[in-house]
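Structural overview
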Amino acid sequence: MTDTVLLLRGTVVPVASPPIADGAVIVEDGVVSYVGRAARAPRLSPDTTEVDVGAGTIIPGLIDAHVHLVADGSPDFPGEVAGASPQHLALKAYANSARALRHGIVAVRDLGAPAHAAIAAGREIADGRLMGAEVAAAGRAITAPGGHISYLGVEARGEEQMAEAARQELRHGAAGIKLVATGGVLTPGVAPDGAPFDEAELAAAAAVARAAGRWVAAHAIGSEGAKRALRAGATTIEHGSYLDREAIDLMASTGAVLVSTRIAQLRILQNKQHIEDSAVRRAEEVYAANIESVRDAARAGIPIAAASDAGTPFNPHGSVAEEGALLVDDIGLSNEAALRAVTSTAARCLARPDLGHLSPGAMGHVVVTTGNPLDDIRALAHVRTVIAAGRPVRPLPG
């Protein structure tokens, strides 16, 4: 393993502090030890790996705050997962984590995988036996009987079952829990804005996770489900397509983050000839409403994290940079805010203050892009070099 990596002579964008022209970043033993001017970088041992990035830009590794590692983006999302063996799902989860890493995504939050497959893959990566993006997994999503994405989760009803479902996921090693607080686009017969759980049910599960210091992600397309989840203790709202003023005010008062996944909806609409008509109609309705909803939240100062919802139809892993671009083009975020959305704000969703920025003590996850995302957010998609915990990763295609 390489113990020390020096990246220098690029523009450094630490995210948490102003950019540094002709800068350098040093990673020692997997942790950032220096960020500053290249001319002032400390002398290092002769066996240091030196990367001269030239005209490149040095940024923190990207974070995708909402993925499904057990799926590759086939047209049939449920069919890709249902019936697969735990071993097959775990291998697929690892392969998709490795793919994400090659695209500069150093950490992902998996929000629904059967058989605890994403937890298993994440454990292998954390122990150093496999190399991929770090995985913060919710385990199985907690959904209502017959509810949205039941194939990615466990069904529960009533406060006692909800609490026990949360306890089970934490016992299996989940970093947080996923509550399916509304319907969704891809589940037939389930209205996207329906709210299957009452507040007490959601609170019973959320209390288990919060007592253990874990995050609580709430799938919430509709406003009523979002408000119930926020009052129940959700730390993030996923999708948030129909948020009203009360929901946005609740997000402000609770400090919850809105996780935007516009790229997943766009992929469905771009490939609608291959997707069931009713799902396309729901996606069209949700996509239009989502623009105003996320804009309203952003204008109100709600922190926005970028995510791809990768694994959904025609939505392969590694595309969170495109979500960052949509936040600029569709929502009106500045390039700087969009960069935070895929770094420091996304890190908040994972409860990982050591990710999403370049400063001494942060994890040594570093990316070099060919352009500067502060000038053009699309530079995030042009990754030249990836350093994962101080280890160089070759950004292979695909």
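Up top you'll find the structure we're talking about.
This section reports on the structure supplied with the text. Since we're looking at a predicted model, the values are computed, not measured.

Going through the model one piece at a time under the given rule, you end up with one aromatic pair. Each ring, one from Phe77 and one from Tyr151, has its centre 5.7 Å from the other, and the planes form 90 degrees; the classification is edge-to-face. On the criterion of sequence distance, the pair formed by Phe77 in helix α1 (residues 77-81) and Tyr151 in the loop between β9 (141-143) and β10 (153-155) is long-range, its members being 74 residues apart. Assessed through its relative accessible area of 3%, Phe77 is described here as buried. Over the ring of Tyr287 we find Arg262, and its NZ or CZ is 4.0 Å from the ring centre.

Along the chain, Asn290 falls in helix α9 (residues 277-299). For Asn290, a relative accessible area of 1% gives the class buried. Within polar-contact distance, the side chain of Asn290 engages the backbone oxygen of His239 at 3.0 Å. Within the structure, Asn290 has its side chain in polar contact with the side chain of Ser241 (distance 3.2 Å). Discounting chain neighbours no more than four positions away, the residues touching Asn290 are His239, Gly240, Ser241, Arg262 and Gln265.

All right, on to the pattern of salt bridges then. For the structure on display, the rule yields 25 salt bridges. Across the pair Arg352 and Glu134 runs a salt bridge, and its minimum N-O distance is 2.8 Å. Of this pair, Arg352 sits in the loop between α12 (344-349) and β16 (366-369) while Glu134 sits in strand β8 (residues 134-137), and the two are 218 residues apart along the sequence. Overall, the relative accessible area of 21% leaves Arg352 in the partly exposed class. The structure contains a network of salt bridges with shared partners spanning Glu199, Lys227, Arg231, Asp244 and Glu246.

All right, on to helix α3 (residues 117-126) then. Among the residues making up α3, those that are buried are Ala117, Ala118, Ile119, Ala121, Gly122 and Ile125. The inward-facing, buried residues of α3 contact α2 (86-102), β7 (105-110), β8 and α4 (159-171).

Turning our eyes to something else, we now look at α9. Every α-helical turn comprises 3.6 residues, leaving residues that sit three or four positions apart pointing alike. Helix length check: α9 (23 residues) gives 34 Å between terminal C-alpha atoms against 33 Å at 1.5 Å per residue, within 8%. The axis of α9 is deflected most strongly, by about 30 degrees, at Asn290. One or two residues past the end of α9 sits Gly301, with phi positive at roughly 85 degrees.

As a further point, take the nonpolar core. The biggest cluster of nonpolar side chains holds 105 residues, and the ones touching the most others in it are Met162, Ile237 and Leu258. In contact with Leu258, not counting residues within four places along its chain, are Ile237, His239, Gly240, Leu243, Met251, Val294, Ala297, Ile302, Pro303, Ile304 and Ala305. With 17 residues, the next largest nonpolar core counts Trp215, Ala305, Ala347 and Leu355 among its residues.

Examined against the element boundaries, Pro303 turns out to sit in the loop between α9 and β15 (304-306). Sequence spacing of Pro303 and Ala337 is 34 residues, and the spatial spacing of their C-alpha atoms is 9.2 Å. Those residues in contact with Pro303 that sit more than four places away from it in its chain are Ala256, Val257, Leu258, Thr345 and Arg348.

A word on the sheet that holds β8. Reading across from one edge, β6-β7-β8 is the order of the three strands in this open sheet, with parallel pairing throughout. Two strands bound the open sheet, and with one partner strand each, they are β6 (62-67) and β8. On average, each strand axis in the sheet is inclined to that of its neighbour by 15 degrees, with strand direction left out of account. Judged from the four bridges that link them, β7 and β8 form a sheet pairing that is parallel. By the bridge assignment, Arg109 is partnered in β8 with Ala136.

The geometry of helix α8 (residues 262-270) relative to helix α10 (residues 320-331) is characterised by a closest axis approach of 9 Å and an angle of 90 degrees between their N-to-C directions. In terms of orientation, α8 and α10 fall into the roughly perpendicular class. Residues Arg262, Ile263, Leu266 and Arg267 of α8 lie in contact with α10, whose contacting residues are Glu322, Glu323, Leu326, Asp330 and Ile331. Of the residues in the contact of α8 with α10, the class split is four nonpolar, no polar and five charged.

Let us now look at the pairing of β16. Side chains Val366 and Val368 project from β16 onto one buried face, and the interleaved Val367 and Thr369 project onto a second face that is buried too. Across four bridges, the pairing between strand β5 (residues 57-60) and β16 is antiparallel. What sits directly across from Pro60, in β16, is Val366. Here four bridges tie β16 to strand β17 (residues 383-388), and the two strands are oriented antiparallel to one another. Following the sheet pairing, Val367 is matched in β17 by Val386.

When you line up the elements, Ala136 lands in strand β8. Given the relative accessible area of 11%, Ala136 is considered buried. Spatially, the C-alpha atom of Ala136 lies 24 Å from that of Glu28, the residues being 108 residues apart in sequence. Excluding its chain neighbours within four sequence positions, the residues that come into contact with Ala136 are Val108, Arg109, Asp110, Ala175, Trp215 and Leu350.

About the cut-offs
Residues numbered from 1 in each chain as written. Predicted model: local features only at pLDDT ≥ 70, side-chain atom pairs only at ≥ 80, totals over all residues. Heavy atoms only, no water. Phe/Tyr/Trp six-rings, centres within 6.5 Å; stacked < 30°, edge-to-face > 60°. Helix = DSSP H or I, 4+ residues; strand = E, 2+ residues; numbered from the N terminus. Buried < 20%, exposed > 50% of the residue type's maximum accessible area, 1.4 Å probe, protein only. Lys NZ or Arg CZ within 6 Å of the ring centre and 35° of its normal. Polar contact = N/O pair within 3.5 Å; in protein donor to acceptor, adjacent residues only side chain to side chain. Contact = heavy atoms within 4.5 Å. Salt bridge = Lys/Arg side-chain N within 4 Å of Asp/Glu carboxyl O. Expected span 1.5 Å × (residues − 1). Bend = angle between axes of the 7 residues up to and from the residue. Core = buried A, V, L, I, M, F, W, Y, C linked by side-chain atoms within 4.5 Å. Pairing = 2+ DSSP bridges. Axes fitted to C-alpha atoms, helices over the stretch in contact; angles between N-to-C directions. Parallel < 35°, antiparallel > 145°, perpendicular 65-115°, else oblique. Nonpolar A, V, L, I, M, F, W, Y, C, P; charged D, E, K, R; others polar.

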